[in-house]
Amino acid sequence: MDMISTMSKAGVIPVIVIEDIEKAVPLARALVKGGLPVLEVTFRTACAAEAIAKIKAEVPGAILIAGTVLTLEQLEAAKAAGAEACVAPGFDPAIVKAANERGIPFCPGVATASELSQALSLGCKFVKFFPAESAGGVKYIKDLLGAFRWTGVKIMPTGGVKLSNVNDYFAVPEIICVGGTWIAPKDAIKANDWAAIEKLASDAAALVRAR
Ligand code: 3PG
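Here the structure is a predicted model, which is why all the values come from computation and not from measurement.

Visitor: Lay out the side chain of T151 in plain terms, naming residues and giving numbers.
Guide: By secondary structure assignment, the location of T151 is in the loop between helix 8 (137-148) and strand 8 (154-157). In contact with T151, not counting residues within four places along its chain, are L120 and K125.

Structural data, given as C-alpha cells:
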C-alpha cells in the first residue's frame, strides 16, 4: 500500500479501541458509511488482530491499519491479520527496521526533532506526531518543519485532535491527515450508537472534502 497517498486521500483516520469483538464490524460499517474508510485498529486490546481480520472480511471498502504496534509480535500479528500498514505512537528503531525488512509500510510516532531525524534516517517519510496538542500543536509542527520541510516529510498529528481544530492542522501542507478517537468514542461504542458514530464520521469527512 502507498501509505502516503491512501492516508492523504482519507484525511481523517479514526483511532479505534475494540474491547468487545462483537463491536468491530458494526463500528467499522458506521465509519465507512460516514465517509472514513481508513481505520486504525489499535493493539491496546487483546482482540485487535481478530478485529482487523473480521473487519477486513466483512466490511467492504474498509482499509485496515494496525495502530499502537509496539512489539515484533504485534507487527507479525498485524500482518497476519491483513493490516495494510502499521502505526506506532513512538519511535523504536528495532520495530521500524523489522517492518522495513518485511515490506510492511510503517509510520512511527515522533514528538521531537531528534526522533524525527532518526525516523528519516531509517527511511520513514511519513510520521505520526503524537501527542499533538500536548506537545505543542500546530505551532510546534510549523517550527519543526522550519528545519525539516526540505526532507519532504509528511505528518499525521494525533492526540487531542478533534472536529474543532482539524482545519488548523489541515492548513499545514505537510499534514496529509489527522487521526483521533473522537470519531469512535467509547461511550457510543458501548451503547451501540452506530448512528452517532456515522454522524461523527460524516462531519469529519465533510471537512476533508472542503480541505
Ligand atoms: C492515538 O494513538 O492516536 C491517540 O490515542 C489518539 O488520541 P486522542 O484520543 O486524543 O484522539
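Visitor: Account for the packing of helix 2 (residues 24-34) against helix 3 (residues 48-58), naming residues and giving values.
Guide: Interaxial distance between helix 2 and helix 3 falls to 9 Å at its minimum, and their mutual angle equals 55 degrees. It follows from the interaxial angle that helix 2 and helix 3 lie oblique. The interaxial crossing formed by helix 2 with helix 3 has right-handed handedness. Contacts from A24, V25, A28 and R29 in helix 2 reach A51, K54, I55 and E58 in helix 3. The residue makeup of the contact of helix 2 with helix 3, split by class, is five nonpolar, no polar and three charged.

Visitor: Hey, could you go over the nonpolar core for me, with residue numbers and the actual values?
Guide: As a rule of thumb, nonpolar side chains are buried together in soluble globular proteins. Residues V12, L27, V41, I55, F106 and V178 are the most contacted members of the largest nonpolar core, which totals 71 residues. Element by element, the count of residues in this core is highest for helix 11 (residues 194-210), at seven residues. When near neighbours in sequence (up to four residues on either side) are disregarded, I55 contacts A24, V25, A28, L39, V41, A62 and L64. Among the nonpolar cores identified, the runner-up in size contains 13 residues, and A10, V38, V87 and C177 belong to it.

Visitor: Could you give an account of the pattern of salt bridges, naming the residues involved and the relevant values?
Guide: All chains considered together, the criterion is met by nine salt bridges. One salt bridge connects K128 with E40, and the closest N-O pair in it is separated by 3.4 Å. Of this pair, K128 sits in strand 7 (residues 126-129) while E40 sits in strand 2 (residues 38-42); the two residues are 88 residues apart in sequence, bridging distant segments of the chain. The two residues K128 and E40 agree in class, both being buried.

Cut-offs applied
- Residues numbered from 1 in each chain as written.
- Predicted model: local features only at pLDDT ≥ 70, side-chain atom pairs only at ≥ 80, totals over all residues.
- Heavy atoms only, no water.
- Helix = DSSP H or I, 4+ residues; strand = E, 2+ residues; numbered from the N terminus.
- Contact = heavy atoms within 4.5 Å.
- Axes fitted to C-alpha atoms, helices over the stretch in contact; angles between N-to-C directions.
- Parallel < 35°, antiparallel > 145°, perpendicular 65-115°, else oblique.
- Left-handed = near helix turned anticlockwise from the far one by under 90°.
- Nonpolar A, V, L, I, M, F, W, Y, C, P; charged D, E, K, R; others polar.
- Core = buried A, V, L, I, M, F, W, Y, C linked by side-chain atoms within 4.5 Å.
- Buried < 20%, exposed > 50% of the residue type's maximum accessible area, 1.4 Å probe, protein only.
- Salt bridge = Lys/Arg side-chain N within 4 Å of Asp/Glu carboxyl O.

Distances and angles like these do not, on their own, reveal function.
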